[in-house]
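Okay, here's what each chain looks like letter by letter:
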Amino acid sequence: MTYCVGMRLDAGLVFLSDSRTNAGVDQVGTFRKLNVFEQPGERMMVMMTAGNLSISQSIRQLVAEHVGADGVSVWNAANMYEAARIVGEAVRTVHARDAKALAEFGIEFNVSILFGGQVKGERCRLFQIYSAGNFIESQNENTYFQIGEAKYGKPILDRVVTPATSLDEAAKCALISMDSTLRSNVSVGLPLDLLVYENDTLAVTRFATIDERNQYFQMIRSSWGQQLKHVFEGLDDPVWNAAADATSNVLSSAKLGSAPVRLAPPGHEPCAGQAGAPLQTLAQQFGAGQP
């Protein structure tokens, strides 16, 4: 499995990918999933992949070598939309060639792609491409995309990233998102590839491969955990069974009369030591007042 995140911001683009592949507990390997298509001064494009590694590598090779009947390729496409369409066509080509044979071995055609960058003369753009070769584009309302093991790193992105976020702040947020994923899922692993692209540079100027010895990432991992614990400890404890006039940190109040759904023991015998109202069955709880 893998985890990749791409962000389209007012200031440029941020891409972050892990490099672990996992085909079982004894088949763990490192394969780079962030690939750059660059012609300095004219275009800079990044493709990150998740899913079946053999499918991803086939698509990458086709994209790099493809030249259409009209002579168009990612190397001379007029804009990022046309380049994304070429990537989608490569996905469909590999599907038509390999999907049936893979299915005969019980292997699903599974691939997800983040593709973004800038062609001279237009703004930065970011696309998410699916297994069918169709794609969607990032807008201000959804300024980032994730593929792979996305759920662990999503909360911090939702809380922090907006189009106005600076590139350095976005890179920091992406690394925190990755750290959360690394801690929760062993199928995602170091080293990481981080690429930060500033508008109109049309070349790779900020790139880092991050392993366990990277000073900044180690600072992020330790400081983020400490700060989270500090914030957690600073939150007030809840107030249980608060008085009717209580207004601060009330979790449950006497006036609300909250009670769990209690199941009756066999024979409807009262539980030992239980006081108060008789037990109700689920049917009694939810059937009251119904015809």
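What you see is a predicted model; the values in this text were computed from it and never measured. (Residues numbered from 1 in each chain as written. Predicted model: local features only at pLDDT ≥ 70, side-chain atom pairs only at ≥ 80, totals over all residues. Heavy atoms only, no water.)

**Observations concerning a nonpolar patch on the surface**
Phase 1 of the analysis: A cluster of nonpolar residues, Val36, Val204 and Phe207, forms a patch on the protein surface that exposes about 210 Å² of accessible area.
Phase 2 of the analysis: For Val204, the location among the structural elements is in the loop between β11 (192-198) and β12 (206-210). (Patch = residues over 30% accessible without salt bridge, like charges linked within 9 Å, V, L, I, M, F, W, Y side chains within 5 Å. Areas by Shrake-Rupley, 256 points an atom, 1.4 Å probe, with all protein chains shown as cover. Salt bridge = Lys/Arg side-chain N within 4 Å of Asp/Glu carboxyl O. Helix = DSSP H or I, 4+ residues; strand = E, 2+ residues; numbered from the N terminus.)

**Observations regarding helix α1 (residues 53-65)**
Phase 1 of the analysis: When the terminal C-alpha atoms of α1 are compared, their 18 Å separation across 13 residues agrees well with the 18 Å that a helix rising 1.5 Å per residue should span.
Phase 2 of the analysis: Those residues of α1 not exposed but buried are Ile55, Ser56, Ile59 and Val63. Buried positions in α1, seen along its axis, are confined to an arc of 100° and lie on one side of it.
Phase 3 of the analysis: Elements in contact with the buried residues of α1: β5 (34-39), β6 (43-51), α2 (80-104) and β7 (111-119). (Expected span 1.5 Å × (residues − 1). Buried < 20%, exposed > 50% of the residue type's maximum accessible area, 1.4 Å probe, protein only. Arc of directions from axis to C-beta. Contact = heavy atoms within 4.5 Å.)

**Some words on the packing of α1 against α2**
Phase 1 of the analysis: With their axes 9 Å apart at the nearest point, α1 and α2 run at an angle of 140° to one another. Of the possible angle classes, the one that applies to α1 and α2 is oblique. For the crossing formed where α1 meets α2, the hand is right-handed. For the pair α1 and α2, contact is made by Ile55, Ser58, Ile59, Leu62 and Val63 and by Val87, Ala90, Val91, Thr93, Val94, Arg97 and Leu102, respectively. (Axes fitted to C-alpha atoms, helices over the stretch in contact; angles between N-to-C directions. Parallel < 35°, antiparallel > 145°, perpendicular 65-115°, else oblique. Left-handed = near helix turned anticlockwise from the far one by under 90°.)

The quantities given are spatial measurements derived from coordinates; they are silent on function.
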